[in-house]
Amino acid sequence: QVQLVESGGGLVQAGGSLRLSCAASSSPINMGWFRQAPGKEREFVARIRWTASTIYYADSVQGRFTISRDIAKNTIYLQMNSLKPEDTAKYYCAADPNVNGDKWPYWGQGTQVTVSS
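Residues numbered from 1 in each chain as written. Predicted model: local features only at pLDDT ≥ 70, side-chain atom pairs only at ≥ 80, totals over all residues. Heavy atoms only, no water.

Student: Which residues make up the pattern of salt bridges, and what are the values?
Tutor: Under the criterion given, the structure shown has three salt bridges. Note that Arg-35 is salt-bridged to Glu-43, the shortest N-O span being 2.6 Å. A relative accessible area of 6% means that Arg-35 is categorised as buried. A salt bridge links Asp-87 to Arg-64; the nearest nitrogen and oxygen atoms lie 2.7 Å apart. Here Asp-87 is found in the loop between strand S8 (75–80) and strand S9 (89–96), whereas its partner Arg-64 is found in the loop between strand S6 (55–57) and strand S7 (65–70), with 23 residues between them in sequence. Here Asp-87 matches Arg-64 in class, with each residue buried. Here the salt bridges share partners, and the residues they tie into one network are Arg-35, Glu-43, Arg-64 and Asp-87. (Salt bridge = Lys/Arg side-chain N within 4 Å of Asp/Glu carboxyl O. Buried < 20%, exposed > 50% of the residue type's maximum accessible area, 1.4 Å probe, protein only. Helix = DSSP H or I, 4+ residues; strand = E, 2+ residues; numbered from the N terminus.)

Below is the structure:
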């Protein structure tokens with residue numbers, strides 16, 4: 001079992017920045033961020049491989065968001081810059097201890113991000 005706790009969401013104006021944090025109870029191989037807007041399906045945002053630091057981003061956030069990890073704190077971060085109203089969603093941290101990292105069996109409770117225009 002991996003417990004995940006997100007923090008850092010809030011209300012920000014378009015063009016602003018926020019940093020999300022996700023504290024994990026252990027160090028799973030893969031960790032990532034997903035988001036879900038009202039009436040939409042959950043979508044991938046970014047992922048990071050814990051040991052090798054391999055990183056992937058969704059096209060919609062490439063160049064604006066940065067995912068990083070602090071190994072000592074078992075924590076990942078999502079630095080979100082140049083936020084747009086369409087970034088408004090509930091953001092979820094996920095973990096996958098499997099090598100392939102395509103199942104994401106563990107999820108946090110989510111943190112709300114609202115970007116006003």
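Picking up after the structure, the text goes on.
Student: Go over the sheet that holds S8 with me, naming the residues and quoting the values.
Tutor: Across the sheet, which stays open at both edges, the four strands sit in the order S1-S3-S8-S7 with antiparallel pairing between neighbours. Two strands bound the open sheet, and with one partner strand each, they are strand S1 (4–7) and S7. Averaged over all adjacent pairs, the angle separating strand axes in this sheet is 15°, with direction ignored. Note that strand S3 (residues 18–24) and S8 share six bridges and pair antiparallel. Following the sheet pairing, Arg-19 is matched in S8 by Gln-79. (Pairing = 2+ DSSP bridges. Axes fitted to C-alpha atoms, helices over the stretch in contact; angles between N-to-C directions.)

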